[in-house]
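Observations on the model geometry
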Amino acid sequence: MLAAARAGKSALLLAPTGGGKTLGGFLGSIAELAGSAGTGLHTLYVSPLRALTQDVHRNLLAPISEMGLAITAETRTGDTPQSKRRRQRMRPPDILLTTPESLALLLSYRDAAHMFATLRSVIIDELHALVPNRRGELLALGLARLGGLAPGLRRVGLSATVSCPGDMEAWLSGGGDVERIHVADTARPRISISTCGTRLPWSGHMGTHAAVEILDAIRAHRTTLVFVNTRAQAELLFQALWRINHETLEIGLHHGSLAVEQRRRVESALADGALRAVVATSTLDLGVDWAAVDLVVQVGAPKGVSRLLQRIGRSNHRLDRPSRAILVPSNRFEVLECEAAVQAVDRDQRDGDRPGPGGLDVLAQHLLGVACAGGVRPDDLYREVRTAAPYRTLSRSGFDRVLAFVETGGYALGVYDRFRRVVRDHAGCLAVASPAVARSYRLNVGTIVETPMLRVRMRRGRILGEIEEHFVQSLVPGDTFVFSGRLLRYEGLRDVTVVVSPGGGREPKVPAYAGGRLPLTTHLADGVRTLLEDRAAHAGMAAPVAEWLEAQSRVSVLPRRDRLLVEIFPRGDRFYLVAYCFEGRNAHQTLGMLLTRRMERAGLDPLGFVATDYVIAVWSLKPAGDVGSLLDRDMLGDDLEEWMAESSLLRRTFRTVAVIAGLIERRLPGQEKTGRQVTFSSDLIYDVLQRHEPDHVLLEATRTVAARGLTDIARLGDMLARAAGRIEVRRLDRVSPLAVPVLLEIGRERVAGSALESQLEEAAEDLVSSAMAPVR
């Protein structure tokens with residue numbers, strides 16, 4: 001790092017989790033500041049988490065103090081008092097630690113050029129967590145702006161779990177050279193898999209069946225982090241542990257729905273070594289150094305190799321000590337996923353999303369922020385934006401369309417003064433139309449938009465409760481689902497209320513899904529397919545899993561990497577089509593919506609479908625005939641367009657895009673809009689644009705975001721292309737063993753605690769007795 005700093009080079013530092021990479025990123029800055037502190041802002045550190053910023057600040061002050069250096073270092077986040085924020089802009093410290101949103105805010109002030117004129121280095125921590133998403137796009141644009149204010153700026157990226165270092169270097173470069181520094185892992189992580197003997201469930205996602213084994217592990221270690229994949233799972237597992245915690249071991253709970261004060265108390269107690277365990281979601285994934293933690297337990301499959309490494313790196317957070325982890329799969333398919341993840345860790349493989357083109361909504365927010373600071377002409381700003389990696393291929397016409405939207409709102413909205421936010425001064429530079437525009441920007445800066453809960457109300461009756469919006473987005477009128485212990489028919493969405501009616505006596509078309517929302521990565525999915533094909537590897541697996549796979553070989557066949565296995569079999573008065581795609585729940589959910597439309601047109605009378613990360617099952621009154629035509633890639637044409645138009649997906653995606661682009665304000669001086677108010681505003685504007693300006697830049701951004709996000713169109717398209725001419729259809733006389741887990745998902749509803757696992761096991765008995773019986 002010192003050599004790169006002396007040469008003025010940007011650098012990508014890849015070090016193992018717990019390898020001290022963060023402080024290593026500051027070495028060049030400390031060396032340069034040792035004899036020249038107090039001359040202005042020298043180094044900017046950017047982290048995705050406020051908690052990580054605070055932790056790094058604490059760890060940075062220790063060596064500075066020990067060396068007797070006069071270097072000043074401060075944090076600047078949403079928690080920083082206003083008086084301190086003003087002072088930091090006038091008299092900045094030598095090192096400022098902040099977040100992407102706070103950086104965008106600082107760049108929006110007219111004194112930004114003065115504040116950043118002395119800047120020599122920017123350090124971006126946990127780079128992998130920022131680059132592939134909108135926060136990373138906003139940060140990339142911020143770095144481009146800094147490059148214009150402080151030419152020659154050195155960029156340092158830090159990460160332990162980068163899958164494509166070349167992509168990270170390109171993102172960091174800003175047009176310059178980047179030196180890659182790789183720190184070898186001297187202590188390999190030690191990972192084991194606990195399958196809890198014969199009690200391994202067929203289905204389910206909560207992992208409460210393993211509470212006794214998890215508590216035993218907590219008892220045997222000093223401090224344990226128990227990671228889960230969802231907030232609901234965290235609550236249920238925490239309760240399950242407390243029910244059997246007769247020794248009253250100190251166990252905490254940490255997830256994003258808890259009050260900030262409660263999370264901070266848990267973090268403080270964890271740092272002090274006062275807790276024996278914490279059950280947590282991804283809120284404790286990144287970088288924070290919990291020195292007392294000596295074991296990580298991952299309950300449920302990790303869904304990605306890099307995500308697993310990030311989590312297990314929280315234990316023994318030192319370069320010379322191995323991280324220790326126990327993986328606890330929640331069901332039989334998750335055993336395969338955990339095995340594939342451990343093998344990938346042993347081979348030093350990584351996964352993760354690759355960065356794509358930058359969003360036009362994020363660009364709109366950035367252009368408005370630049371106008372708040374003033375002094376930049378559009379031609380110069382276009383050249384500057386093109387130095388940001390996500391916008392390197394942005395055309396001038398695309399830039400001008402976004403700028404026109406920021407200036408006037410576009411053709412359909414231009415008649416309203418409130419959408420005229422940016423003007424040009426006498427020198428042709430961008431400026432805000434009024435101080436109120438700048439105030440609004442600073443109140444609403446950022447790309448994190450909370451997904452609201454929607455009320456569920458009977459068409460002529462009472463409120464039944466609330467449901468997550470992401471589940472409702474894919475529904476079309478007529479779909480049925482289980483909620484509040486009853487079958488409901490989806491009638492439509494009115495503002496933030498889901499209107500329903502009794503669903504009758506049939507099974508739900510779209511069963512509620514109680515599993516995690518983290519999608520299975522492509523790399524890990526391929527590992528699962530490889531394991532299924534490797535018969536020799538089955539002998540070393542837990543007995544229930546080995547017997548399950550052997551029975552599948554007898555009744556049907558095991559999926560192969562170069563084929564798409566589709567099974568068709570009768571059960572009761574209907575026929576089931578089960579496809580082993582292994583493309584993740586998002587892609588499978590989209591496939592289910594499109595496939596049932598095709599089956600309807602083919603006269604097969606589909607009744608519903610269910611999707612997991614591994615499999616999709618569709619049931620109908622008539623058996624599928626030509627499976628190849630049903631799964632043809634052309635379903636991503638008209639079928640996709642019709643479904644997206646009929647569902648609320650585009651309308652809800654537009655709300656997020658409009659908020660990020662600054663068209664709709666979430667916060668006003670002294671108040672914050674309710675989710676209902678934001679939705680009402682976005683729905684009105686969406687209807688106006690669809691009617692009068694269907695090619696509006698925000699509608700284009702909406703379609704792009706929808707395709708990249710929930711629907712996972714690219715991944716689904718790749719799978720359908722690979723499957724063309726390579727579909728292996730097996731017509732069976734009964735359910736296959738591999739299909740049992742997905743069939744158990746049908747009609748599931750949220751049931752607290754171990755009752756869910758008990759119900760699943762009871763439902764499995766009939767299926768299993770049929771699937772596992774010897775072939776005659």
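Residues numbered from 1 in each chain as written. Predicted model: local features only at pLDDT ≥ 70, side-chain atom pairs only at ≥ 80, totals over all residues. Heavy atoms only, no water.

Focus on helix α11 (residues 231–244)
- Its 14 residues place the ends of α11 21 Å apart at the C-alpha level, agreeing with the 20 Å of an ideal helix rising 1.5 Å per residue.
- Residues of α11 that are buried include every one of Gln233, Ala234, Leu236, Leu237, Phe238, Ala240 and Leu241, and no others.
- Where α11 is buried, its residues touch α10 (211–219), β9 (224–227), β10 (251–254), β11 (277–280) and β12 (295–299). (Helix = DSSP H or I, 4+ residues; strand = E, 2+ residues; numbered from the N terminus. Expected span 1.5 Å × (residues − 1). Buried < 20%, exposed > 50% of the residue type's maximum accessible area, 1.4 Å probe, protein only. Contact = heavy atoms within 4.5 Å.)

Brief notes about the nonpolar core
- Ranked by internal contacts, the top residues of the largest apolar core, which has 118 residues, are Phe116 and Leu146.
- If you tally residues by element for this core, the top one is helix α15 (residues 360–373), at nine residues.
- In this structure Leu146 touches Leu44, Leu103, Leu107, Phe116, Leu119, Val122 and Leu153, once residues within four positions along its chain are discounted.
- Listed in part, the 63 residues of the second largest apolar core include Met541, Leu558, Tyr580 and Val742. (Core = buried A, V, L, I, M, F, W, Y, C linked by side-chain atoms within 4.5 Å.)

Let's talk about the sheet that holds strand β24 (residues 616–620)
- Read across the sheet, five strands follow the order β23-β24-β22-β21-β27 without closing on themselves; strand pairing throughout is mixed. Edge positions in the sheet fall to β23 (606–611) and β27 (727–731), since each has one partner strand and no second. Strand after strand, the sheet turns through a mean of 15 degrees between neighbouring axes, direction not considered.
- The pairing of strand β21 (residues 564–571) with β27 spans five bridges and is classified as parallel. Within β27, the residue paired with Leu565 across the bridge is Glu728. (Pairing = 2+ DSSP bridges. Axes fitted to C-alpha atoms, helices over the stretch in contact; angles between N-to-C directions.)

Some thoughts on the sheet that holds strand β6 (residues 154–159)
- With respect to topology, seven strands assemble into an open sheet ordered β3-β4-β2-β5-β6-β1-β7, the strand pairing being parallel. Only two strands of the sheet have a single partner each, and these edge strands are β3 (73–76) and β7 (178–182). The sheet shows a mean angle of 15 degrees between the axes of neighbouring strands, direction not considered.
- Examined bridge by bridge, strand β2 (residues 43–46) and strand β5 (residues 121–124) share four bridges and lie parallel to one another. Note that in β5 the partner of Leu44 across the bridge is Val122.
- In the packing of helix α8 (residues 134–149) onto the sheet, contacts are made with β2, β5 and β6, and the angle to β5 comes to roughly 170 degrees.

A look at the packing of helix α17 (residues 396–408) against helix α28 (residues 697–708)
- Remark: α17 packs on α28, axes separated minimally by 10 Å, with the N-to-C direction vectors making an angle of 120 degrees. With respect to their mutual orientation, α17 and α28 come out oblique. Mapping the contact onto sequence places Arg401, Val402 and Phe405 in α17 and Val697, Leu698 and Glu700 in α28.
- Classifying every residue of the contact of α17 with α28 gives four nonpolar, no polar and two charged. (Parallel < 35°, antiparallel > 145°, perpendicular 65-115°, else oblique. Nonpolar A, V, L, I, M, F, W, Y, C, P; charged D, E, K, R; others polar.)

Side note on the pattern of salt bridges
- The full count for this structure, using the stated rule, is 37 salt bridges.
- In this structure, the salt-bridge partner of Asp400 is Arg396, at a minimum N-O distance of 3.0 Å. Of this pair, Asp400 and Arg396 both sit in helix α17, four residues apart, roughly one helical turn.
- By relative accessible area, Asp400 is classed as partly exposed at 34%.
- With a shortest N-O distance of 3.4 Å, Arg560 and Asp562 are connected by a salt bridge.
- Ionic contacts of the salt-bridge type, sharing partners, join the residues Asp526, Arg529, Arg561, Glu583, Arg715 and Arg722 into one network. (Salt bridge = Lys/Arg side-chain N within 4 Å of Asp/Glu carboxyl O.)

Remember, this is a structural readout, not a statement about activity or role.
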